[in-house]
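Next come the chains, spelled out residue by residue.
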Amino acid sequence: MIVLGIETSCDETAAAILRDGALLSTALATQWLHSRYGGVVPELASRAHLTLLLPMIEQVLENARLKSEQIEAVAVTRGPGLIGSLLVGISMAKGIAYSRQIPLTGVNHLEGHLWSAQFEHPDLAPPFLALLVSGGHTMLVGVEAFGDYRLIGQTRDDAAGEAFDKVAVLCGLGYPGGAAVEEKARQGNLSYHKFPVGMRGQDGYDFSFAGLKTAVATHLRREPGALQNHLEDLLACFQEAAITSLLEPTLRALDDFKYRTLVLSGGVAANGRLRECLEERLRQHQAKLLYPGLSYCTDNAAMIAWIGWRRLMLGQKDGLEMSGEANLPLPGLRPHP
Ligand code: KG4
Ligand code: ZN
């Protein structure tokens, strides 16, 4: 089955084509226009999706050497995300499905991230523990089967990526700043300052990043020279605290629930230092770490098309009445016992 995937949940416009779950072509445009505002401007994002999406679909078809008549189904992100942006992708998907009389399926963006490591690891099989760290979400999910998920932990305030982005803006590195923070942090000295580790000393598997972000802002106010003289050091110490905040609950969950595989996904999974620290700690826990290739960590349409294909194999089609949902919950999500 040839599936066209469409992703427009936030500030990345993306399209991809899969044949029986295997990637034929993919394209992505990051909307850098938001950088000057220090965050995504929803109305501008929707308008940019509107101009970028159709030529992008034509491009993925051409790259896959296919004609539009050969598409057999359309998968599109239904949520969570910015409602205006979601509606652009959904309207396009409905138009294609209706005009060609082919099946349409709405995909949960978070479910796309959960399985995105399967492009690198096609034998990825549940059960596994997933640490999903993106700009909008930070969750620990036990994946028992496709569509059977346990919520083990989540952030109580900011998402991990949001903390990287806010600190990047505070340091004048623009938006989104995760990759720029990592780049600078590489040259930093870790003994410069100790920033607080969220939820340290508490039981459970939740995360917290708001205190860390505030501590960086407070430090910058108290030490006006820090930006000029210690930018790399400050970012290295921030990054280390953020990574430790992710590591502690994750390792606890891995041990307590006896998972042997940890799958890292979402934009922050691109962070090399996070991967390095997890690799090292997991060796001691006799568990293996899997993660997507860099282009499948951040938002992409291949992961949406893949979930769409799995859904269609299970007969999970949607009608033209399907709409976007800004806070769409992960399907099949149960609390952990
Ligand atoms: O998954 P994603 O593309 O979008 C959401 O669904 O939110 O994640 C984007 C997030 C942004 O916050 C970005 O700053 C962060 O991922 N990010 C990184 C790195 N690359 C992207 N954070 C830390 N280190 C990186 N190398
Ligand atoms: Zn995402």
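Our subject is the structure listed above.
Since this is a predicted model, take the numbers as computed values, not measurements.

A. Layout of the sheet that holds strand 8 (residues 148-154). Taken in spatial order, the 6 strands make up an open sheet running 10-9-6-7-8-11, and their pairing is mixed. This sheet does not close on itself; its edge strands, each paired only once, are strand 10 (288-290) and strand 11 (333-335). The mean inter-strand angle of the sheet, taken between neighbouring strand axes irrespective of direction, is 30 degrees. Where strand 6 (residues 128-133) and strand 7 (residues 138-145) come together, 6 bridges link them in antiparallel fashion. Note on strand 7: the bridge partner recorded for Ala130 is Val141.

B. Summary view of the coordination of the zinc ion (ligand 2). Of the protein atoms, only His109 (NE2), His113 (NE2) and Asp299 (OD) coordinate the zinc ion (ligand 2), at distances of 2.0 to 2.1 Å. In this structure, the zinc ion (ligand 2) is surrounded by 4 donor atoms whose angles at the metal cover 94 to 139 degrees, and the resulting shape is irregular. In this structure His113 comes out as buried when scored by relative accessible area, which is 1%.

C. Focus on helix 9 (residues 272-284). The end-to-end C-alpha distance of helix 9 is 19 Å, a good match for the 18 Å that 13 residues give at a rise of 1.5 Å each. By the burial criterion, the buried members of helix 9 are Leu274, Arg275, Cys277, Leu278 and Leu282. The buried residues of helix 9 occupy an angular sector of 165 degrees when the element is viewed end-on, so they sit on one face. For helix 9, the exposed residues lying more than 90 degrees away from the buried face are Arg283 and Gln284. In the core, the buried residues of helix 9 are packed alongside strand 6, helix 8 (231-256), strand 9 (261-265), strand 10 and helix 10 (294-297). Backbone nitrogen of Arg273 and a side-chain oxygen of the N-cap are separated by 3.0 Å at the start of helix 9; the cap is Asn271.

D. Layout of the pairing of strand 1 (residues 2-7). Taken across its 6 residues, strand 1 has 6 buried, putting it largely inside the fold. In strand 1, alternate side chains face the same way, and those of Ile2, Leu4 and Ile6 on one face and Val3, Gly5 and Glu7 on the other are all buried. Note that strand 1 and strand 2 (residues 12-19) share 6 bridges and pair antiparallel. Within strand 2, the position partnered with Val3 by the bridge is Leu18. Looking at chain direction, strand 1 and strand 4 (residues 73-79) are connected through 4 bridges and run parallel. Its bridge partner being in strand 4, Val3 is matched across the sheet by Ala73.

E. Molecular detail of the site of ligand 1. Taken together, 19 residues lie around ligand 1, and Gly135, Asp165, Gly178, Glu182 and Asp299 are the ones closest in. A distance of 3.3 Å separates an oxygen atom of ligand 1 from a polar atom in the side chain of His109. Within the contact set of ligand 1, an oxygen atom lies 3.0 Å away from a backbone nitrogen or oxygen of Gly178. Across the complex, the protein chains shield 88% of the 550 Å² of accessible surface that ligand 1 would expose by itself. Elements that contribute at least two residues to the shell around ligand 1 include exactly helix 3 (109-114), helix 4 (160-170) and helix 5 (178-185). Of the residues in the shell around ligand 1, the class split is 5 nonpolar, 11 polar and 3 charged.

F. The arrangement of unusual backbone geometry in detail. With an omega dihedral of 5 degrees, the bond running from Pro126 to Pro127 counts as a cis peptide bond. Backbone torsion omega between Tyr175 and Pro176 reads -10 degrees, so that peptide bond is classified as cis. Phi angles above zero are rare outside glycine, and Gln101 is one such case at about 55 degrees. Relative to the elements of secondary structure, Gln101 occurs in the loop between helix 2 (83-100) and strand 5 (104-108). A positive phi angle, close to 50 degrees, is found at Gln286, a residue other than glycine. The residue Gln286 is located in the loop between helix 9 and strand 10 in this model.

G. Structural view of the pattern of salt bridges. Counted according to the given criterion, the structure contains 13 salt bridges. Among the salt bridges present, the one from Asp148 reaches Arg334, with a minimum N-O distance of 2.8 Å. A residue pair is termed long-range when its members are at least 10 positions apart, and Asp148 in strand 8 and Arg334 in strand 11 qualify at 186 residues. For Arg334, a relative accessible area of 36% puts it in the partly exposed group.

H. View of the pairing of strand 5. Within strand 5, 5 of the 5 residues are buried, leaving the element largely enclosed by the surrounding structure. Side chains of strand 5 alternate between two faces, with Leu104, Gly106 and Asn108 and Thr105 and Val107 buried alike. When strand 4 meets strand 5, the two strands line up parallel, connected through 5 bridges. From the neighbouring strand, Gly79 faces strand 5, where its bridge partner is Asn108. Handedness of the strand 4-helix 2-strand 5 crossover: right-handed.

I. Geometry of the nonpolar core. Ranked by size, the top nonpolar core spans 47 residues in total, and within it Leu131, Phe238, Leu274 and Leu278 carry the most contacts. When residues of this core are traced back to their parent elements, those giving at least two are strand 6, helix 4, helix 5, helix 6 (210-222), helix 8, strand 9 and helix 9. Counting residues per element, this core draws most heavily on helix 8, at 14 residues. Excluding residues that lie within four positions of it along the chain, Leu131 makes contacts with Met139, Leu140, Phe207, Leu246, Thr250, Leu262, Val263, Leu264, Ser265 and Leu278. Among the nonpolar cores identified, the runner-up in size contains 35 residues, and Ala117, Tyr296, Ala302 and Trp309 belong to it.

Scoring rules and cut-offs
- Residues numbered from 1 in each chain as written.
- Chains lettered and ligands numbered in written order.
- Predicted model: local features only at pLDDT ≥ 70, side-chain atom pairs only at ≥ 80, totals over all residues.
- Heavy atoms only, no water.
- Pairing = 2+ DSSP bridges.
- Helix = DSSP H or I, 4+ residues; strand = E, 2+ residues; numbered from the N terminus.
- Axes fitted to C-alpha atoms, helices over the stretch in contact; angles between N-to-C directions.
- Donors = N, O, S within 2.8 Å, 3.2 Å for Na, K, Ca; no water.
- Tetrahedral: all angles 85-135°; square planar, octahedral: opposite > 155°, others 65-115°.
- Buried < 20%, exposed > 50% of the residue type's maximum accessible area, 1.4 Å probe, protein only.
- Expected span 1.5 Å × (residues − 1).
- Arc of directions from axis to C-beta.
- Contact = heavy atoms within 4.5 Å.
- Polar contact = N/O pair within 3.5 Å; in protein donor to acceptor, adjacent residues only side chain to side chain.
- Near = heavy atom within 4 Å.
- Areas by Shrake-Rupley, 256 points an atom, 1.4 Å probe, with all protein chains shown as cover.
- Nonpolar A, V, L, I, M, F, W, Y, C, P; charged D, E, K, R; others polar.
- Salt bridge = Lys/Arg side-chain N within 4 Å of Asp/Glu carboxyl O.
- Right-handed = clockwise from strand over helix to strand, strands pointing away.
- Core = buried A, V, L, I, M, F, W, Y, C linked by side-chain atoms within 4.5 Å.

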